[in-house]
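If you want the building blocks of each chain, they are given just below.
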Amino acid sequence: MKHWSEVRTAYFVAQTGSISGAAKALGVHRATILRHLDVIEQELGSKVFLRDAKGYQLTEVGEDLLRVAKLTEEQFSDFATRSKGQQGELQGEFILTSLESLSELLMPAVKMFSRQHPKIRIRWLTSSELMKLEYGQAHVAIRSGPKPQDDDYVVLPFTPISFGLYANEDYLHEQGTPHDEQSLKNHRFVYIDNAPQRLGIVKWFNDAVPPEQVVCTSNNREILERAILDGIGIGFMQCNASSRFDKLKRVLPDIQWDFPNWIVTHGDLHRSEKIQAFLRILKSEEYQGIIVGLRGKSE
C-alpha cells in the first residue's frame, strides 16, 4: 500500500467517528479528509465506511484496514520513541483489559506504570468480552481460564485467582452454618447473572443449589459482594479480597475454585515500548512481592 497518509486518515476517522473529528486531530481541512477517503476507497475498490445518521461506520473491509492502520501507527510511534532515545517519556494511550475480579491484583501494577510514565493515559476496560488485540482494541489483555491458543498472540502466565463461598456471620448465626453440600439447599444465595455455563464453578453451583434458593442476582461484582456482606445470602467471593471484611466468614472451606490467568499481547506489538514497560512492572520483584502479600490474605 503506497497511500499511508490516506490509510492514516481513515484510521483517525474511525477513531473519532466523524470527518470533523479526524480533521481536528490531524490539523487539516475537512476537504482533505474527504479526498483521502475517496483515494483509499478507489485504491481498495471497496467502501471503507458506511455513512449514516450516526456518522461513519466501518465496513468489514474497513475493519481490516483499521487493524493494519492501528498496528502501523503504534509501530511508527514506538520507532520514533526509540530513535529519539526518549526512554521514560512514553506518551499516548495505553489500553488494558481484564475481568473486574482481577482489579485488586492489577491495580498496584497500574499505579506503578502511571507513576513511571506520567504522560501515558491508561484506559482500563473491565469486561468478559474478549477484546480483539489484532484490531487495536487493547495493548495488553489479562485473560482467565484455559490458555489462549491464537498463534498471533504472545501468551505469558499471570497469577491465578481463587474463589470460595462466603456469608455474613449474622446470616450464619440466623440461618445456621452449612456443613456439607447437601445442607446448602436450606440456604439463600446471591449469584451472577448469565454466568458462563462452560465454567466448572457454574456447573457445580447448578448441581448443588436449586434455582429457587437464588434470591438475588446481578452482573455487577460490587453489588454481589454488598449483598453477601449485608446478609442477603451466601455467594462467591475472591479469596484474597474477602479478608478486607471482618464479619465475612468462609462457608465449606474445602470447596475452592482456582482460575489460571494469562497475559496476552499481539505478536506484532509485543516488543513495543509501552507493552514492554508494563510487562517489566508485572515481572518486577516489587510487584511480585505485592502479589504474594495479597494472595497471602486468603490463606
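To start, this report covers the structure provided alongside it.

Rules used throughout
Residues numbered from 1 in each chain as written. Predicted model: local features only at pLDDT ≥ 70, side-chain atom pairs only at ≥ 80, totals over all residues. Heavy atoms only, no water. Helix = DSSP H or I, 4+ residues; strand = E, 2+ residues; numbered from the N terminus. Buried < 20%, exposed > 50% of the residue type's maximum accessible area, 1.4 Å probe, protein only. Contact = heavy atoms within 4.5 Å. Areas by Shrake-Rupley, 256 points an atom, 1.4 Å probe, with all protein chains shown as cover. Lys, Arg positive; Asp, Glu negative; His and termini not counted. Charge placed at Lys NZ, Arg CZ, Asp CG, Glu CD. Core = buried A, V, L, I, M, F, W, Y, C linked by side-chain atoms within 4.5 Å. 1 Å grid on protein atoms, 1.4 Å probe; cavity = no way out; pocket = protein on both sides within 12 Å on 5 of 7 lines; lining within 4 Å. Points joined across faces, edges and corners; volume = space filled by probe spheres on them. Nonpolar A, V, L, I, M, F, W, Y, C, P; charged D, E, K, R; others polar. Salt bridge = Lys/Arg side-chain N within 4 Å of Asp/Glu carboxyl O. Polar contact = N/O pair within 3.5 Å; in protein donor to acceptor, adjacent residues only side chain to side chain. Axes fitted to C-alpha atoms, helices over the stretch in contact; angles between N-to-C directions. Parallel < 35°, antiparallel > 145°, perpendicular 65-115°, else oblique. Left-handed = near helix turned anticlockwise from the far one by under 90°.

Turning our attention to the overall build of the protein chain. When helices and strands are counted, the protein chain shows 11 helices and 11 strands. In terms of overall dimensions, the protein chain has C-alpha extents of about 70 × 45 × 35 Å along its principal axes. Out of the 299 residues belonging to the protein chain, those deemed buried represent 47%. Expressed as a percentage of contacts within the protein chain between residues at least 6 apart in sequence, the contacts between residues at least 24 apart total 73%. When the accessible surface of the protein chain is split by element, carbon and sulfur atoms take 49% of a total near 16000 Å². Each charge class in the protein chain was averaged separately, 36 positive and 39 negative side chains, and the resulting centres sit 6 Å apart.

Of all hydrophobic cores here, the largest spans 49 residues; its most connected members are W204 and L282. With sequence-adjacent residues up to four places away left out, L282 is seen in contact with L106, A109, F158, I263, Y287 and Q288. Within the second largest apolar cluster, 17 residues are counted, among which are Y11, V13, I33 and V48.

The next point concerns the environment of L130. As for its placement among the helices and strands, L130 is situated in the loop between strand 4 (120-126) and strand 5 (140-144). Spatially, the C-alpha atom of L130 lies 8.5 Å from that of A141, the residues being 11 residues apart in sequence.

This part covers the layout of surface pockets. Empty space within the largest pocket amounts to approximately 1300 Å³. Contributing to the lining of the largest pocket are 44 residues, with L99, S101, I192, P196 and L199 lying nearest its centre. Only strand 3 (92-98), strand 5, strand 6 (153-168), strand 7 (189-192), helix 7 (200-208), helix 8 (221-229) and strand 9 (235-238) provide two or more residues apiece to the lining of the largest pocket. Residue classes in the lining of the largest pocket are distributed as 23 nonpolar, 13 polar and eight charged.

A separate point is the environment of K147. Along the chain, K147 falls in the loop between strand 5 and strand 6. On the basis of relative accessibility, which here comes to 42%, the residue K147 falls in the partly exposed class. In the structure, K147 is positioned 117 residues away from V264 in sequence and 9.6 Å away in space, judged by C-alpha atoms. If we skip the residues at most four places from it in the chain, K147 touches V155 and W262.

In this structure the tally under the stated criterion is six salt bridges. One salt bridge connects R221 with E225, and the closest N-O pair in it is separated by 3.1 Å. In this pair, R221 and E225 both sit in helix 8, four residues apart, roughly one turn of the helix. Under the relative-accessibility criterion, E225 is labelled buried at 10%.

On the secondary structure map, K274 appears in helix 10 (residues 273-283). The buried category is assigned to K274, whose relative accessible area is 12%. Among the polar contacts made by the side chain of K274, one reaches the main-chain carbonyl oxygen of Q91 at a distance of 3.3 Å. Those residues in contact with K274 that lie beyond four places of it in its chain are E74, L90, Q91, G92, E93, F94, F113, I120 and H139.

On to the side chain of H266, then. Looking at the element boundaries, H266 is found in strand 11 (residues 257-266). When near neighbours in sequence (up to four residues on either side) are disregarded, H266 contacts L71, L133, E134, D152 and Y153.

With that settled, the discussion passes to the packing of helix 5 (residues 103-116) against helix 10. Packed helices, taken two at a time, are described by the angle between their axes plus the distance between the axes. Between helix 5 and helix 10, the shortest axis-to-axis distance is 9 Å and the interhelical angle comes to 130 degrees. Between helix 5 and helix 10, the angle falls in the class oblique. Every pair of crossing elements has a handedness; the one defined by helix 5 and helix 10 is right-handed. Where helix 5 approaches helix 10, its residues L106, A109, V110, M112, F113 and Q116 are matched on the opposing element by K274, A277, F278, I281 and L282. Looking at side-chain class alone, the contact of helix 5 with helix 10 contains nine nonpolar, one polar and one charged residues.

Its place among the elements puts M112 in helix 5. M112 gets classed as buried once you look at its relative accessible area, which sits at 12%.

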